[in-house]
Amino acid sequence: MKQLNFSIVNESDTVDFGKRLASVLKKGDVVGLSGDLGAGKTFLSHAICRALGVPESQPVNSPTFTIINEYHCSRFPVYHMDLYRLGEPDELYDLGIWEYYDGDGICIVEWFDKFDDLWPEEALMIRIHLEDGEKRTFEIRGVGRGKEILDSL
Ligand code: ADP
Ligand code: MG
């Protein structure tokens, strides 16, 4: 599996990265985010959504309690999920996660790796390592369509 590392120095680098990623995303893509609390998963999700064209009138914030937030840009729906509070793999099925993964929207999934054998077949995976202060490393891997996205980053 191919892997790329991006060094992120500050929030504006994260915003730029979000723009770069958004410019290559297509309908049906799944972006999984992992990393400790405070690593910047929600911040990056926000950057990607704004770059995709989700208007300011739709707040992009942490779906920790709602599990799924749904936004709309002109091209497709964007599903922003957070699996942190889910306890059992069954809850993923109850949520209908596979319909989202296989659907026409873009899925951005925080705590993507919580259930490590229940991943979609094709996805881009970004693990955020918090260095110090605002510094981060984004470790990125891709499978299937995710690899294509990675190649075009
Ligand atoms: P998570 O969703 O991973 O728990 P959040 O995105 O909610 O984390 O919080 C990350 C915090 O770190 C935000 O308050 C954000 O402003 C701050 N931050 C500082 N530097 C960066 C950076 N380079 N990228 C993303 N967030 C950053
Ligand atoms: Mg979060």
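Residues numbered from 1 in each chain as written. Chains lettered and ligands numbered in written order. Predicted model: local features only at pLDDT ≥ 70, side-chain atom pairs only at ≥ 80, totals over all residues. Heavy atoms only, no water.

Engineer: Hey, could you run me through the overall build of the protein in this one?
Structural biologist: Along the protein, the regular secondary structure elements total five helices and seven strands. Taken over C-alpha atoms, the radius of gyration comes to 14 Å for the protein, in line with the 15 Å a tight globule of 153 residues would show. Dimensions of the protein along its principal axes, counting C-alpha atoms only, are 40 × 35 × 30 Å. Counting across all 153 residues of the protein, residues that qualify as buried make up 49%. Intrachain contacts of the protein at a sequence separation of at least 6 include 59% that bridge at least 24 residues. Of the accessible surface of the protein, which amounts to about 7600 Å², a share of 46% is contributed by carbon and sulfur atoms. Of the side-chain charges in the protein, 16 are positive and 27 negative, and the distance between the mean point of each set is 7 Å. (Helix = DSSP H or I, 4+ residues; strand = E, 2+ residues; numbered from the N terminus. Rg over C-alpha atoms; globule rule 2.2 N^0.38 Å. Buried < 20%, exposed > 50% of the residue type's maximum accessible area, 1.4 Å probe, protein only. Contact = heavy atoms within 4.5 Å. Areas by Shrake-Rupley, 256 points an atom, 1.4 Å probe, with all protein chains shown as cover. Lys, Arg positive; Asp, Glu negative; His and termini not counted. Charge placed at Lys NZ, Arg CZ, Asp CG, Glu CD.)

Engineer: Looking at this structure, how should I read a negative patch on the surface?
Structural biologist: Taken together, the side chains of Glu99, Asp102, Glu121 and Glu122 make up a negatively charged region of the molecular surface. Secondary-structure assignment places Glu121 in the loop between β5 (106-110) and β6 (123-130). (Patch = residues over 30% accessible without salt bridge, like charges linked within 9 Å, V, L, I, M, F, W, Y side chains within 5 Å. Salt bridge = Lys/Arg side-chain N within 4 Å of Asp/Glu carboxyl O.)

Engineer: Is there a simple way to think about the coordination of the magnesium ion (ligand 2) in this case?
Structural biologist: Each donor-metal-donor angle would ideally measure 109.5 degrees in four-coordinate tetrahedral geometry, or 90 or 180 degrees in six-coordinate octahedral geometry. Taken together, Thr42 (OG1) and Glu110 (OE) make up the full set of protein donors to the magnesium ion (ligand 2), lying 2.1 to 2.2 Å away. Taken together, the residues Thr42 in helix α2 (residues 41-52) and Glu110 in strand β5 connect sequence positions 68 residues apart. The exposure class assigned to Glu110 is buried, which follows from its relative accessible area of 2%. (Donors = N, O, S within 2.8 Å, 3.2 Å for Na, K, Ca; no water.)

Engineer: How should I be thinking about the site of ligand 1 in this particular structure?
Structural biologist: Residues in close proximity to ligand 1 total 15 residues, the closest being Glu11, Thr14, Gly38, Lys41 and Phe43. A distance of 2.8 Å separates an oxygen atom of ligand 1 from a polar backbone atom of Gly38. Between ligand 1 and Gly40, the relevant distance is 2.9 Å, taken from an oxygen atom to a main-chain nitrogen or oxygen of the residue. For ligand 1, whose free accessible area comes to 570 Å², the fraction covered by protein is 75%. The element that contributes the greatest number of residues to the shell around ligand 1 is α2, accounting for three residues. Of the residues in the shell around ligand 1, the class split is four nonpolar, five polar and six charged. (Near = heavy atom within 4 Å. Polar contact = N/O pair within 3.5 Å; in protein donor to acceptor, adjacent residues only side chain to side chain. Nonpolar A, V, L, I, M, F, W, Y, C, P; charged D, E, K, R; others polar.)

Engineer: Honestly, the pattern of salt bridges in this entry has me stumped. Any pointers?
Structural biologist: Two side chains bearing opposite charge may form a pair once their charged atoms approach each other closely. As enumerated under the stated definition, the model contains six salt bridges in all. Lys2 is paired through a salt bridge with Asp151; the nearest N and O atoms lie 2.7 Å apart. Taken together, the positions of Lys2 in the segment before β1 (3-8) and Asp151 in helix α5 (residues 145-151) put the pair 149 residues apart, joining distant regions of the chain. Note on Lys2: relative accessible area 33%, which makes it partly exposed. The exposure class of Asp151 is partly exposed, given its relative accessible area of 42%. For the salt bridge of Arg127 with Asp113, the shortest nitrogen-to-oxygen distance reads 2.5 Å. Here Arg127 is found in strand β6, whereas its partner Asp113 is found in the loop between β5 and β6, with 14 residues between them in sequence.

Engineer: I tried to follow the pairing of β5 on my own but got confused; where do I start?
Structural biologist: Taken residue by residue, a regular strand's side chains alternate between the two faces of the sheet. Here β5 lies mainly inside the structure; five of its five residues are buried. Burial along β5 is two-sided: the face carrying Ile106, Ile108 and Glu110 and the face carrying Cys107 and Val109 are both buried. Across five bridges, strand β4 (residues 77-82) lies against β5 in parallel orientation. The residue bridging Met81 from the neighbouring strand is Val109, located in β5. (Pairing = 2+ DSSP bridges.)

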